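Secondary and tertiary structure notes
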There are 2 protein chains.
Amino acid sequence: MIINIPENSDFSIHNLPFGIFSTEDRSPRAGIAVGEHILDLAAVAELDVFEFNTAVLEKDTLNDFIALGKSITKKVRIDIQHWLKDEGSILAGKPELFVLQSEAQMHMPVSIGDYTDFYSSIEHATNVGMMFRDPENALLPNWKHIPVGYHGRASSIILSGEPIHRPKGQVLPKDASTPVFQASARLDFELEMAFITGKNTALGETVSTAEAEDYIFGMVLFNDWSARDIQKWEYVPLGPFLAKNFASSISPWIVTMEALEPFRVAGPAQEPKVQSYLEFDGNKNYDINLEVALQPDGAEEQIICNSNYKYMYWNMAQQLAHHTVNGCNINVGDLYGSGTISGKDENSYGSMLELAWMGTKPLQMKDGTERKFVQDGDTVIMCGHATKDGVRVGFGEVSTKVLPAK
Amino acid sequence: MIINIPENSDFSIHNLPFGIFSTEDRSPRAGIAVGEHILDLAAVAELDVFEFNTAVLEKDTLNDFIALGKSITKKVRIDIQHWLKDEGSILAGKPELFVLQSEAQMHMPVSIGDYTDFYSSIEHATNVGMMFRDPENALLPNWKHIPVGYHGRASSIILSGEPIHRPKGQVLPKDASTPVFQASARLDFELEMAFITGKNTALGETVSTAEAEDYIFGMVLFNDWSARDIQKWEYVPLGPFLAKNFASSISPWIVTMEALEPFRVAGPAQEPKVQSYLEFDGNKNYDINLEVALQPDGAEEQIICNSNYKYMYWNMAQQLAHHTVNGCNINVGDLYGSGTISGKDENSYGSMLELAWMGTKPLQMKDGTERKFVQDGDTVIMCGHATKDGVRVGFGEVSTKVLPAK
């Protein structure tokens, strides 16, 4: 191996995710995470090894690189994999190609044109329905027919590491008929994953479930910050708005679908039968372990949720087929959140709302405090990785600290 | 006057809206509409009359020009106004600076980062509430407290003149419990106006109602196409998605807020009192006459709606203050729809849903047909203009033909 990769690294030789990084002497550019290092792709390009216009590797987003298409992006990843393994390859004896991640600054990997959030975990939708509507009819009538989704705010998607301020907004106090304006008292995270499209469609075109994978470049971890009290007051009838658009956080490395290929699994049975445009062949779920830790200010971090992306009722191919079945066009760099990923067990719920069951079961923290929702000073850290037959492919983390309202 | 401007032109000397146009021998660039002509701003720049980097006038969107700020964009408009009036000005004797609109192709005036749609007409919200919910409690409890809004799809916003295909999707037949997949049978327009922001904020910043006008560059006509049957089945609980994101159409010329200044009027009284962050001083509504015509394929066009932008309950300053009160960041080129603009009279309703009252009062067309919703082959044409003391400032039109489902 050209460079040392620690055992159990998320960024194993099997992963090789793409991101945008800079250092004091390098402007933002494309890189690949390898163990604790970043391979500088713009510098590799100077070795004249790539057969495409490598100016795309010097951009401050991956959009133009991704837009070259999978035939090129797949080959870059496979070539790098071979070269990293081969002690005599073109990468050998060139330590200047590698930068320590600890010495680099990460940037948003893509410029996101449109951002859509789905609501595809049956456990999450059921929990929310039980809490807010009717425990006997927790799932709404359309839920098993439609991968329910809505449009979110692209401008406020931020990178792991950037802190957020607690949002202010209108909330309706209990038993009141007039709202008050205040800092949200029910700030929550949502454990999600998100995929990024790598290919455009024209307005009017559709993407079938069979074609969908051609359009999906890769995935990131996604924390869809939510203010539950603002949401409750505003969301009828047109959906969440200020309760969500103050921030959503992503992890910096885009793990490609090729790297995730070994971790395909079958999803839950879908009953009743879905519309034919939502039918699909093969295993479309992915076995990705997900974990949420909460770190109170100055205290130790503590795992509060263990979930898995494989629990999703609706898969990405169905989400994309549904999104485009009316002719809605998609672009390179668009981002699609899964919706909160909850499992069946109480410790697998992907939000504070569910973990503390609307405040009725506060989480006990090791520092003696308890949590019904996220407090000022808390840092929420989400991790994700897949393992199988000794192969590990991980996402690193998305970590966000909550600062007091401005 | 340097160039003839027909009396009653939307594009009078008092207007001078900005757009992006091309001709066979000119690539897309910035222009100003003057009567039946377009003044080529990139060509004017070659006369060395502007004191900013005029490369922004040769771009295929106005974003970089708008981002220069109002001190510059206002001066360009005022200078052009003076030069057009002055027979001895720098524009005199240079017919090559002008292009006939009929010989030019218009393009999207801005690259839209995020698109938000509000729901700010009390008459529209009341009509919809009466039809779909409870006639006695038509307005939802939050409506008079919040300028209700939601995020829409930016990628599918298209220019006037581009036809759309009727969307397909899931709809729930009457009395059925299982949806069917079909072409929408309830395709509708929504008469809206939209404003475009000309200034960024950072995440966490707010824009007060007093500051809002600094952030608004100008306005366009906006047709927010809607599939009512798809909407009805999908929109609970997260809002409209496929019912809206197949297309929204805008008019090509951005009329500046400076041009609209003479047409300010007071808006409706707001009772109950709004939260303090939504309070404002001065007249924030605009008296802009709006008209919708429907043209069946091969038949004459027929006016089916006369409305006015002045009816809006919530004004743009309130919309923007609300949108950013939680710290949501905005960018140059973002677009904000007003929501359907209905008035009190039955002929002022801004959608087919309301005009034909859910199909119970079909519109009689001059060709003998009737309309409950928009049919294949129909063209929907929206116009808007303001007049006062002999001054006319108009928007031209947004015209879209509906083609059969693919």
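The rules behind each value
- Residues numbered from 1 in each chain as written.
- Chains lettered and ligands numbered in written order.
- Predicted model: local features only at pLDDT ≥ 70, side-chain atom pairs only at ≥ 80, totals over all residues.
- Heavy atoms only, no water.
- Helix = DSSP H or I, 4+ residues; strand = E, 2+ residues; numbered from the N terminus.
- Rg over C-alpha atoms; globule rule 2.2 N^0.38 Å.
- Buried < 20%, exposed > 50% of the residue type's maximum accessible area, 1.4 Å probe, protein only.
- Contact = heavy atoms within 4.5 Å.
- Areas by Shrake-Rupley, 256 points an atom, 1.4 Å probe, with all protein chains shown as cover.
- Lys, Arg positive; Asp, Glu negative; His and termini not counted.
- Charge placed at Lys NZ, Arg CZ, Asp CG, Glu CD.
- Expected span 1.5 Å × (residues − 1).
- Least-squares fit on C-alpha atoms with pLDDT ≥ 70 in both.
- Buried area = accessible area lost by both parts, 1.4 Å probe.
- Salt bridge = Lys/Arg side-chain N within 4 Å of Asp/Glu carboxyl O.
- Polar contact = N/O pair within 3.5 Å; in protein donor to acceptor, adjacent residues only side chain to side chain.
- Nonpolar A, V, L, I, M, F, W, Y, C, P; charged D, E, K, R; others polar.
- UniProt positions renumbered as here; feature names shortened; annotations may be inferred.
- Domains from an automatic or database assignment.
- pLDDT = per-residue confidence, 0-100.
- Pairing = 2+ DSSP bridges.
- Axes fitted to C-alpha atoms, helices over the stretch in contact; angles between N-to-C directions.

**A look at the overall build of chain A**
Helices and strands together make up the secondary structure of chain A, namely nine helices and 26 strands. A compact globule built from 406 residues would reach a C-alpha radius of gyration of about 22 Å, and chain A, at 21 Å, matches this within 12%. Counting across all 406 residues of chain A, residues that qualify as buried make up 62%. For chain A, the proportion of contacts with a sequence separation of at least 24, taken over those separated by at least 6, is 72%. Roughly 14,900 Å² of accessible area belongs to chain A as shown, and the carbon and sulfur atoms make up 47% of that amount. Here chain A holds 33 positive side-chain charges and 54 negative ones, and the gap between their average locations is 4 Å.

**Comments concerning helix α3 (residues 70–85) of chain B**
Here α3(B) spans 22 Å end to end across 16 residues, near enough to the 22 Å set by a 1.5 Å rise per residue. Within α3(B), burial applies to B:K70, B:T73, B:V76, B:R77, B:D79, B:I80, B:Q81, B:W83 and B:L84.

**Notes on the relation of the copies chain A and chain B**
The transformation that overlays chain A on chain B combines an axial shift of 0.0 Å with a rotation of 180 degrees, and the residual RMSD is 0.0 Å. Here the symmetry operator amounts to a two-fold rotation axis. Among all residues of chain A, the minimum C-alpha distance to the rotation axis is found for A:G239, at 2.1 Å. Comparing interface residues between copies, 100% of those in chain A also lie at the interface in chain B; the contact surface is shared.

**Remarks on the side chain of A:Q319**
All names here are of chain A. In this fold, Q319 is placed in helix α8 (residues 316–324). Of the residues examined, Q319 reaches a relative accessible area of 2% and is grouped as buried. Setting aside anything within four residues of it in sequence, one finds Q319 in contact with F118, S120, P147, F195, W314 and S338.

**What about the interface of chain A and chain B?**
With 60 residues of chain A at the contact, the number on the chain B side is 60 residues. For the chain A and chain B pair, buried surface summed over both sides reaches about 5,200 Å², with 60% attributable to carbon and sulfur atoms. The interface formed by chain A and chain B holds four salt bridges in total. A salt bridge links B:R153 to A:D114; the nearest nitrogen and oxygen atoms lie 3.5 Å apart. For the pair chain A and chain B, the number of links is 31 residue pairs in polar contact (both at pLDDT 80 or more). At the level of secondary structure, the elements contributing two or more residues to the side of chain A that touches chain B comprise β6 (115–118), β7 (149–152), β10 (168–171), β11 (180–183), α6 (228–234) and α8 of chain A. Residue composition of the side of chain A that touches chain B, grouped by class: 30 nonpolar, 21 polar and nine charged.

**Examining unusual backbone geometry**
Going from A:E271 to A:P272, the amide bond is cis rather than trans, its omega being 5 degrees. Here A:P272 is to be found in the loop between β18 (264–265) and β19 (285–286). Of note, the bond from B:V236 into B:P237 is cis; its omega dihedral lies within 30 degrees of zero at 10 degrees. Relative to the elements of secondary structure, B:P237 occurs in the loop between α6 (228–234) and β16 (248–250). At A:D175, a position not held by glycine, the phi torsion is positive, near 65 degrees. Within the element layout of this structure, A:D175 appears in the loop between β10 and β11. The class for A:D175 is exposed, based on a relative accessible area of 77%.

**Description of helix α8 (residues 316–324) of chain B**
Residues and elements named next belong to chain B. With nine of nine residues buried, α8 lies mostly within the body of the structure. What α8 keeps buried is the set M316, A317, Q318, Q319, L320, A321, H322, H323 and T324. Between the side-chain oxygen at the start of α8 and the backbone nitrogen of A317 there is a gap of 3.1 Å, and the oxygen is on N315.

**Focus: the UniProt feature "domain: Fumarylacetoacetase-like C-terminal" (unreviewed entry) in chain A**
The residues that UniProt annotates with the feature "domain: Fumarylacetoacetase-like C-terminal" (unreviewed entry) are residues 116–393 of chain A. Secondary structure content for residues 116–393 of chain A is 14% helix and 29% strand, while the C-alpha to C-alpha distance between its ends is 25 Å.

**Some remarks on the domain arrangement of chain A**
All names here are of chain A. Taken domain by domain, chain A holds domain 1 (18–107) and domain 2 (115–403). A straight line from the C-alpha centre of domain 1 to that of domain 2 covers 30 Å. Taken together, the contact between domain 1 and domain 2 spans 17 residues of the former and 16 residues of the latter. Carbon and sulfur atoms supply 67% of the area buried between domain 1 and domain 2, which totals about 1,400 Å² over both sides. Counting across the interface, domain 1 meets domain 2 through one salt bridge. A salt bridge links E258 to K70; its shortest N-O distance comes to 3.2 Å. On inspection of domain 1 and its partner domain 2, the count reaches five residue pairs in polar contact (both at pLDDT 80 or more).

**A closer look at the UniProt feature "domain: Fumarylacetoacetase N-terminal" (unreviewed entry) in chain A**
Under the present numbering, the feature "domain: Fumarylacetoacetase N-terminal" (unreviewed entry) in UniProt falls on residues 14–109 of chain A. Between the end C-alpha atoms of residues 14–109 of chain A the distance is 20 Å, and the span holds 26% helix and 26% strand.

**Comments concerning the side chain of B:D114**
Note that B:D114 resides in the loop between β5 (105–107) and β6 (115–118). Among the residues examined, B:D114 registers a relative accessible area of 5% and is labelled buried. Here B:D114 is in contact with A:G152, A:R153, A:A154, A:S155, B:D334 and B:L335, once residues within four sequence places are set aside.

**A few points about the confidence of the model for chain A**
All names here are of chain A. Taken as a whole, chain A shows an average pLDDT of 97; of its residues, 100% reach a score of 70 or greater. Mean pLDDT in chain A bottoms out at helix α4 (residues 122–132), which sits at 95, and peaks at strand β17 (residues 255–256), which reaches 99. Among the scores for the predicted complex, ipTM is 0.97 and pTM is 0.98.

**Examining the sheet that holds strand β3 (residues 37–40) of chain B**
Residues and elements named next belong to chain B. A sheet is described by the order of its strands in space; here five strands give the open sequence β4-β3-β2-β1-β5, paired in antiparallel fashion. Every interior strand has two partners, whereas the edge strands, β4 (98–100) and β5, have only one. When strand polarity is set aside, the average angle formed by the axes of neighbouring strands in this sheet is 45 degrees. As paired elements, strand β2 (residues 26–34) and β3 share four bridges and run antiparallel to each other. Note on β3: the bridge partner recorded for V34 is H37. Packing against the sheet, α3 makes contact with β1 (18–23), β2, β3 and β4, and its axis sits at approximately 65 degrees to β1.

**Re the environment of B:A243**
Residue and element names in this part refer to chain B. For A243, the position within the fold is in the loop between α6 and β16. In the structure, A243 is positioned 76 residues away from P167 in sequence and 8.3 Å away in space, judged by C-alpha atoms. With sequence-adjacent residues up to four places away left out, A243 is seen in contact with W225, S226, A227, I230, Q231 and E234.

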